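Listed here are the chains, written in short residue letters.
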Amino acid sequence: MDVVIYHNPACGTSRNALALIRHAGIEPHVVEYLKTPPSRGMILELVERMGVPLRSLLREKGMPFAELGLGDPDLTDDQLLDAVEAHPILLNRPIVVSPLGVKLCRPSEAVLDLLPPEGLKPFTKEDGEVVIDAEGRRVR
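The structure presented is a predicted model; accordingly, all values stated were derived computationally and were not measured. (Residues numbered from 1 in each chain as written. Predicted model: local features only at pLDDT ≥ 70, side-chain atom pairs only at ≥ 80, totals over all residues. Heavy atoms only, no water.)

A tally of regular secondary structure across the protein gives three helices and six strands. Reading the secondary structure of the protein in the N-to-C direction produces β-α-β-α-α-β-β-β-β. Against the compact-globule benchmark of 14 Å for 140 residues, the protein has a radius of gyration of 16 Å, which places it among compact chains. Structurally, the protein occupies a C-alpha span of about 50 × 30 × 25 Å along its principal axes. Sequence separation of 24 or more characterises 56% of the internal contacts of the protein that already satisfy a separation of 6 or more. Accessible surface computed for the protein: about 7,400 Å², of which carbon and sulfur atoms make up 53%. (Helix = DSSP H or I, 4+ residues; strand = E, 2+ residues; numbered from the N terminus. Rg over C-alpha atoms; globule rule 2.2 N^0.38 Å. Contact = heavy atoms within 4.5 Å. Areas by Shrake-Rupley, 256 points an atom, 1.4 Å probe, with all protein chains shown as cover.)

With that out of the way, let us pick up the packing of helix H2 (residues 40-50) against helix H3 (residues 77-86). Two numbers describe how H2 lies on H3: the axes approach to 10 Å, and their chain directions differ by 120 degrees. Judged on the interaxial angle alone, H3 and H2 are oblique. Between H2 and H3 lies a crossing whose hand is right-handed. Contacts from Arg40, Ile43 and Leu44 of H2 reach H3 at Asp78, Leu81, Asp82, Val84 and Glu85. By residue class, the composition of the contact of H2 with H3 is four nonpolar, no polar and four charged. (Axes fitted to C-alpha atoms, helices over the stretch in contact; angles between N-to-C directions. Parallel < 35°, antiparallel > 145°, perpendicular 65-115°, else oblique. Left-handed = near helix turned anticlockwise from the far one by under 90°. Nonpolar A, V, L, I, M, F, W, Y, C, P; charged D, E, K, R; others polar.)

The subject of this paragraph is the pairing of strand E2 (residues 29-32). Pairing geometry for strand E1 (residues 4-7) and E2, over four bridges, is parallel. Directly across from Ile5, in E2, lies its bridge partner Val30. This β-α-β element, E1 to helix H1 (residues 12-23) to E2, shows right-handed connectivity. (Pairing = 2+ DSSP bridges. Right-handed = clockwise from strand over helix to strand, strands pointing away.)

Tyr6, Leu46, Leu57, Leu90 and Ile95 are the most contacted members of the largest nonpolar core, which totals 22 residues. Every element with two or more residues in this core is listed here: H2, H3, strand E3 (95-98) and strand E4 (101-104). Those residues within four positions of Leu46 in sequence are excluded, and the remaining contacts are Tyr6, Ile95, Val97 and Val102. Counting 18 residues, the second-largest nonpolar core is a separate cluster that includes Leu18, Leu20, Ile26 and Val111. (Core = buried A, V, L, I, M, F, W, Y, C linked by side-chain atoms within 4.5 Å. Buried < 20%, exposed > 50% of the residue type's maximum accessible area, 1.4 Å probe, protein only.)

Looking now at H3. Within H3 the residues assigned to the buried category are Leu80, Leu81, Ala83 and Val84. The buried side chains of H3 occupy one side of the element, clustering within an arc of 155 degrees when seen end-on. Facing away from the buried surface of H3 by more than 90 degrees, the exposed residues are Glu85 and Ala86. (Arc of directions from axis to C-beta.)

Purely geometric numbers; function is a separate question.
What follows is the structure in structure tokens.
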């Protein structure tokens, strides 16, 4: 199964999603989007495939979201894309692409919706939260 993850190794949610993908026996194509930001066209394709507005992919926590006034509902997608191009950290993560769909995987266990459900093994996140129990069932 081909899987792509737009990943930030400094983000715990992103690390947990990547670990879950690998735990499922899949080695994804990892795009460290701060080093290799997706193009405007790719971002638009991702939001189209997700069926969500571009604004829903913006990371509001921390700078530079507030500093740039990106909460203004009158900003166009082109203006939001300009901001993301200038500041890739604005793109929320992790975004995962698989043959089963495209999703912003927050919380990290949302990635399980994009992976084959069979053969799940127990998994605990970095913070100790159990995601897959001893019987291979999703806890949430």
